[in-house]
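These are the residues of each chain, in order.
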Amino acid sequence: MSLPDRLLVQIASYNTNLQGVLGLPQDLVDWLAPTLQVSNFLFHQQRAPDIIAVGFQELLPLHLGLSGLSKAVLSSRNALILSQIEEHAPNKESYTLIAKVVNVGVALLVYGRDAGIARKVCDVQTQWTGCGLAYMGNKGAVGVRFRVLNAEGDPGETYTFVNCHLAAFDHRVEQRNADFRHIVSTLLFPPVTDSSSPSTIYETSHLFLLGDLNYRLDIPPSHPLFEIRNLPGFSGAIDSEATRKELGMFDQLTTEKQKGHVFMGLHEGDFWKFKCSYKYQLGETDKYSTKRTPSWTDRILYATYSDSPDTPGECGIANLLYTSIPSYTTSDHKPIICLLLLPPSTPNSSSSIPLIRLPATYVPLPDRRAALKRYVGRILDRIVGVIWWLLTLLGAGSGIIGSFNFFLGLGAWKWWKASSLV
């Protein structure tokens, strides 16, 4: 199969810092142009991606997300993204939304090119899970899975996209690892084999995992950059790709993955080729906040069924582009983008769908109480969200002022009631 016949997948992830409808520039050309340049170089002509997946974290203010008011913002994003994709795509190609899903502030939209993949999609499924306190959705993941048909009699291949937002702060490495394990065991889809058990995210032909994974840089005190890690000069100090590659050795995600604690079987491009995606000063393209050590918190990983567990360093997916977009300045994160060339599909005369092969030492299992945990979290989301939303209304946009006004009013009412009895 020639390069132009292999599927091209574009994946983008952006933590919009609770900005709601204000969190995305109206012109997305900075986001799409790198894809067009790479496709032009590889295929000697501008080629549009076959599949485009867009993930958001902190999509809107948390009290609105917990209250279940994310859908209006997601619909607005969908309309903007779809119009911009089609405006900047080569030959003005059209796309169809395959699926969208949101839980609190974690959202995922997946599009297929009308002239190809969109006509072959079937069995579309969406799923969500929360891994915040008591399984609430302030942290968690959403997923989209679908099957793409091949030739007649061929069951085709399944594609699974998972957008995650894991626990924050430098020291919470084990909590992030636990969040990933929780997502694997509770973000469940219908069975893909004869088994009656639900399937995990790994039971798929191709898996793409993206999001604000929140793993940080643990720069040792002996390193020359340790003393300036929270100073304005750090940005200039990591202009060199060689320096960033060295810092990549201290990336928590990389070290935890090497230990076999998380993201088993998944691969990633050279993240150190772009500057740390977090934490920036708002309104700035290249100035980090001094409140956090800059880190590559935003990541994209992937796996495919042709990968061999015996050669973990090799991947059948070619990473053509992996970078951040510095021009977006409304968030303390920079959006990232990845362009992947999938391996050629192999003819399959059997009735079974090809699935990712994992090391024998890792067997992901579904949690039998997954549904209970998810809905306990959702009920708590709604209760906390509505109370927070009402307090925000009472405080003219501030939950703190709203709480003060509430207790002030309650005290005044009790005083009035007591004085009226005199």
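All residue numbers refer to positions counted from 1 along the written sequence of the respective chain. Local features in this predicted model are restricted to residues whose pLDDT is 70 or higher, and side-chain atom pairs enter the listing and the counts only when it is 80 or higher, whereas totals over whole chains, interfaces and linings include all residues. Side-chain numbers come from the whole structure's heavy atoms, not from hydrogens or water.

Looking at an unreviewed UniProt entry, one finds the protein named Inositol polyphosphate phosphatase, with Laccaria bicolor as its source organism.

Draft legend 1. Seen up close, a nonpolar patch on the surface. A cluster of nonpolar side chains, Leu69, Val386, Trp389, Leu390 and Leu393, forms an exposed patch at the surface whose accessible area comes to about 440 Å². Helix and strand labels come from DSSP, where a helix needs a run of H or I of at least four residues and a strand needs a run of E of at least two; each type is numbered from the N terminus. Here Leu393 lies in helix H8 (residues 370-394). Only protein chains enter the area calculation, which uses a 1.4 Å probe; residues under 20% of their type maximum are buried, those over 50% are exposed, and those in between are partly exposed. The class of Leu393 is exposed, set by a relative accessible area of 54%. Excluding any residue in a salt bridge, patches collect residues exceeding 30% relative accessible area, merging like charges within 9 Å and nonpolar Val, Leu, Ile, Met, Phe, Trp and Tyr side chains within 5 Å. Accessibility throughout is a Shrake-Rupley quantity obtained with a 1.4 Å probe, and a residue counts as covered only by protein chains that appear here. Salt bridges are defined as contacts in which a side-chain nitrogen from Lys or Arg sits within 4 Å of a carboxyl oxygen from Asp or Glu.

Draft legend 2. Summary view of unusual backbone geometry. With an omega of 5°, the peptide bond running from Tyr278 to Lys279 counts as cis. You can see Lys279 is positioned in the loop between helix H7 (252-258) and strand S9 (298-304). Residues other than glycine seldom take positive phi values, yet Asn17 does so here, at roughly 60°. Phi angles above zero are rare outside glycine, and Asn214 is one such case at about 70°. When you line up the elements, Asn214 lands in the loop between strand S8 (206-212) and helix H5 (234-237). The buried category is assigned to Asn214, whose relative accessible area is 3%.

Draft legend 3. Main features of the side chain of Ser185. Examined against the element boundaries, Ser185 turns out to sit in helix H4 (residues 173-186). Here, residues are in contact when the closest pair of their heavy atoms is within 4.5 Å. In this structure Ser185 touches Leu365, Pro366, Asp367 and Ala370, once residues within four positions along its chain are discounted.

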